[in-house]
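Report on the structure
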Amino acid sequence: MDILLTHGYFLYEDPKELQIMKPYPPLGILYICSHLREKGLKAEVFDSTFSSRQELWDVLKKGPPSVLGVYANLMTRSNVVEILCVAKQCGWQTVVGGPEPGAYVHEYLSAGADVVVVGEGEITLEELVPALGSKGTDRLDQIAGITFRAADGSVVRTKPREQIKNIDTQPWPARESIDVARYVDTWRQHHGMGSVSLITARGCPYHCRWCSHEVFGKTHRRRTPASVADELQWLVDRYQPQMAWMADDVFTIHHGWLFQYAAELRQRRLKLPFECISRADRLNRQVVETLAEMGCFRVWIGSESGSQRILDAMERGVTVEQVQTGVALCRSAGIQTGMFLMWGYEGEEMSDIEATVEHVKKTDPDIFFTTVAYPIKGTPYFSEVSERVDSLKVWSASSDRDFRIRNRHSRQFYEFADRLLRSSVELSRLELKAQAEDAALAALRSGIAEARAGLQATSCEVEV
């Protein structure tokens with residue numbers, strides 16, 4: 001084996017995820033695995049989702065050690081640090097990549113990573129794994145897209161890795177290297193519908209100040225509609241799912257592509273219910289009707305705030321009215337909507353919180369989730385507040401979610417904002433229901449009165 005890939009997410013250690021039970025396979029490392037195999041490298045995957053730390057430790061100790069590649073994000077940081085430590089003790093060479101490590105190069109190198117991959121991993125690892133396999137580091141400075149420590153201890157950052165221009169040239173994720181059926185069955189057992197996931201594009205070209213673009217940059221590269229339809233058909237035939245998750249950052253960016261994809265599905269008579277993420281400004285009646293035709297049953301929209309002032313400060317590029325219109329269009333087509341909201345963005349005041357409450361009441365999405373804004377290192381938002389950012393825990397045992405921003409409201413304040421929002425929306429729904437019931441009662445009473453009057457008026461009429 002030339003490289004073992006893993007991701008450090010252990011489902012059974014996460015109480016919240018155990019309540020939700022909606023896991024999906026780690027497509028990122030499965031894409032890397034299939035790419036490396038296509039290039040003749042012996043790549044394997046240890047899928048930590050349904051496994052335990054001890055099972056991974058046993059694999060690392062058993063060896064023989066080679067190269068270990070670990071995907072890291074802000075939620076798995078502490079697990080990844082521990083994995084790197086154990087791997088080094090067992091003699092493995094260690095590589096870490098994903099959306100977080102590029103912003104914390106020094107920290108990950110100090111935590112046990114021999115190399116940090118910055119950006120897309122496929123071609124970088126194609127070049128890096130043989131170089132590490134030779135046990136030499138002389139060639140590393142010739143490999144684009146990595147950071148490592150030189151012999152003198154200095155940190156070397158090579159030139160940026162160019163993005164893969166045509167992602168249709170990439171093989172599908174190596175799903176057969178893990179137990180995907182278990183993911184589908186877990187969904188089916190807990191939600192009555194087995195689900196699969198796939199990616200139709202890479203990257204997001206928008207400029208939201210709090211969003212990280214570490215891996216794909218601000219690009220948008222799409223696969224051909226036929227390629228995606230082929231993969232969907234294969235997933236349906238292989239796993240018999242009842243639904244799919246289109247795991248793009250924004251599924252509806254390119255309207256022309258969407259209409260072509262819908263035509264491709266129609267031609268194949270292929271229809272699998274799915275949910276996706278959209279931006280409100282990328283929804284219109286034709287798009288929504290096309291989504292409904294394809295089987296979309298839920299669209300997730302990043303609303304973030306009901307205050308246009310805050311949306312503009314975020315550089316979201318959408319309006320409150322666009323969100324409200326988008327949700328209404330989805331509702332008219334029978335598509336559910338989910339809404340993401342964010343408290344505490346820089347400059348938010350009570351009037352902005354009240355505007356968000358009124359916005360959600362008016363929009364009335366089927367589901368909405370809230371979070372308190374947290375600055376991800378490497379983003380414009382982090383740069384804006386960095387002088388006021390404190391970490392309450394040591395880096396290796398925390399995440400960017402744990403940052404405290406001085407002079408911002410307390411966590412309890414935002415808990416009350418949540419209570420205000422949820423109670424206000426529930427009250428609004430009850431009031432609307434009561435109004436509808438009152439209208440229905442009034443209609444029934446009117447119908448009864450008309451019937452009685454009709455009986456009296458026609459009581460003397462008889463059939464001849």
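Data block above holds the structure.
Residues numbered from 1 in each chain as written. Predicted model: local features only at pLDDT ≥ 70, side-chain atom pairs only at ≥ 80, totals over all residues. Heavy atoms only, no water.

Thoughts on the packing of helix α12 (residues 320-332) against helix α13 (residues 350-363)
One way to put it is that α12 packs onto α13 with a least axis distance of 10 Å and a crossing angle of 20°. Classified by the interaxial angle, the pair formed by α12 and α13 is roughly parallel. Judged by the sense of rotation from one axis to the other, the crossing of α12 with α13 is right-handed. Between α12, through Val320, Val323, Gln324, Val327 and Arg331, and α13, the contact on the second element is made entirely by His359, Lys362 and Thr363. Of the residues that constitute the contact of α12 with α13, the class distribution is 3 nonpolar, 3 polar and 2 charged. (Axes fitted to C-alpha atoms, helices over the stretch in contact; angles between N-to-C directions. Helix = DSSP H or I, 4+ residues; strand = E, 2+ residues; numbered from the N terminus. Parallel < 35°, antiparallel > 145°, perpendicular 65-115°, else oblique. Left-handed = near helix turned anticlockwise from the far one by under 90°. Contact = heavy atoms within 4.5 Å. Nonpolar A, V, L, I, M, F, W, Y, C, P; charged D, E, K, R; others polar.)

What to know about unusual backbone geometry
Between glycine 63 and proline 64 the backbone carries a cis peptide bond, its omega angle lying at 0°. With respect to the element layout, proline 64 can be found in the loop between α3 (53-62) and β3 (67-71). Phi at glutamate 315 is positive, roughly 60°, even though this residue is not glycine. With respect to the helices and strands, the residue glutamate 315 is situated in the loop between α11 (308-314) and α12. Despite not being glycine, aspartate 364 shows a phi value in the positive range, around 55°. Turning to its location among the elements, aspartate 364 is positioned in the loop between α13 and β15 (367-372). Judged by relative accessible area, which is 25%, aspartate 364 ranks as partly exposed. (Buried < 20%, exposed > 50% of the residue type's maximum accessible area, 1.4 Å probe, protein only.)

Concerning empty space enclosed by the protein
Throughout the structure, instances matching the rule amount to 2 cavities of 30 Å³ or more. Size it by volume and the largest cavity reaches roughly 70 Å³. Together, Leu232, Ala244, Met246, Tyr261, Leu265, Leu270, Lys271, Leu272, Phe274 and Met294 line the largest cavity. Only β11 (243-246) and α9 (255-268) provide two or more residues apiece to the lining of the largest cavity. Residues belonging to the lining of the largest cavity are distributed by class as follows: 9 nonpolar, no polar and 1 charged. In this model, the second largest cavity occupies a volume close to 40 Å³. (1 Å grid on protein atoms, 1.4 Å probe; cavity = no way out; pocket = protein on both sides within 12 Å on 5 of 7 lines; lining within 4 Å. Points joined across faces, edges and corners; volume = space filled by probe spheres on them.)

A short note on the sheet that holds strand β4 (residues 93-97)
Spatially, 7 strands are ordered β2-β1-β3-β4-β5-β6-β7 in an open sheet, and the strand pairing comes out mixed. Sheet topology places β2 (43-45) and β7 (155-157) at the edges, where each strand pairs with a single neighbour. Sheet twist, expressed as the average angle between the axes of neighbouring strands with direction ignored, equals 20°. Looking at chain direction, strand β6 (residues 146-149) and β7 are connected through 3 bridges and run antiparallel. (Pairing = 2+ DSSP bridges.)

Side note on the pairing of β6
Across 3 bridges, the pairing between strand β5 (residues 115-117) and β6 is antiparallel. Note that in β6 the partner of valine 116 across the bridge is threonine 147. Between the end of β6 and the start of β7, which pair antiparallel, lie 5 residues, with glycine 153 showing a positive phi angle near 90°.

Some details on the sheet that holds β11
Pairing is parallel in the open sheet, where 6 strands are placed in the order β8-β11-β12-β13-β14-β15. Bordering the open sheet on either side are β8 (195-198) and β15, each of which pairs with just one other strand. The sheet shows a mean angle of 20° between the axes of neighbouring strands, taken without regard to direction. One ladder, built from 6 bridges, connects strand β13 (residues 296-304) with strand β14 (residues 336-343); its direction is parallel. Pairing of arginine 298 across the sheet is with glutamine 336, part of β14.

Some details on the pattern of salt bridges
The full count for this structure, using the stated rule, is 30 salt bridges. For arginine 309, the salt bridge is made with aspartate 352, and the minimal N-O distance between the two is 2.4 Å. Here aspartate 352 lies in helix α13 and arginine 309 lies in helix α11, a separation of 43 residues in the sequence. We classify arginine 309 as partly exposed; its relative accessible area is 43%. Connected through shared salt-bridge partners, Glu120, Glu122, Arg202 and Arg221 make up one network. (Salt bridge = Lys/Arg side-chain N within 4 Å of Asp/Glu carboxyl O.)

Here's the deal with the layout of surface pockets
Of the volumes computed, that of the second largest pocket is approximately 210 Å³. As for the second largest pocket, its lining consists of 13 residues, of which Phe403, Arg404, Ile405, Arg408 and Arg411 are closest to the centre. Elements with a minimum of two residues in the lining of the second largest pocket: β17 (403-405) and α15 (411-457). Examining the composition of the lining of the second largest pocket, we find that 3 residues originate from one element, β17, more than from any other. Here the lining of the second largest pocket is built from residues that sort into 5 nonpolar, 2 polar and 6 charged.

Observations concerning the pairing of β15
Pairing analysis gives 6 bridges linking β14 to β15, with the strands arranged parallel. Bridge pairing in β15 places phenylalanine 340 opposite phenylalanine 369. Handedness of the β-α-β unit built from β14, α13 and β15 comes out right-handed. (Right-handed = clockwise from strand over helix to strand, strands pointing away.)

Details of the side chain of threonine 363
Structurally, the position occupied by threonine 363 is in helix α13. Judged by its relative accessible area of 3%, threonine 363 falls in the buried class. Beyond its immediate stretch of four places on either side in the chain, threonine 363 contacts Val323, Gln324, Val327, Arg331 and Met339.

Digging into the packing of aromatic side chains
Under the definition given, this model contains 15 aromatic pairs. On the basis of an interplanar angle of 55° and a centroid distance of 6.3 Å, the ring pair of tryptophan 172 and tryptophan 234 is categorised as tilted. Of this pair, tryptophan 172 sits in the loop between β7 and α7 (180-191) while tryptophan 234 sits in helix α8 (residues 225-239); the two residues are 62 residues apart in sequence, bridging distant segments of the chain. For tryptophan 172, a relative accessible area of 30% puts it in the partly exposed group. Its relative accessible area of 30% is what places tryptophan 234 among the partly exposed residues. A connected cluster of aromatic rings, assembled from ring pairs, spans Phe251, Trp257, Tyr261 and Phe274. Above the ring of tyrosine 31, the side-chain terminus of arginine 202 is found at 5.2 Å from the ring centroid. (Phe/Tyr/Trp six-rings, centres within 6.5 Å; stacked < 30°, edge-to-face > 60°. Lys NZ or Arg CZ within 6 Å of the ring centre and 35° of its normal.)

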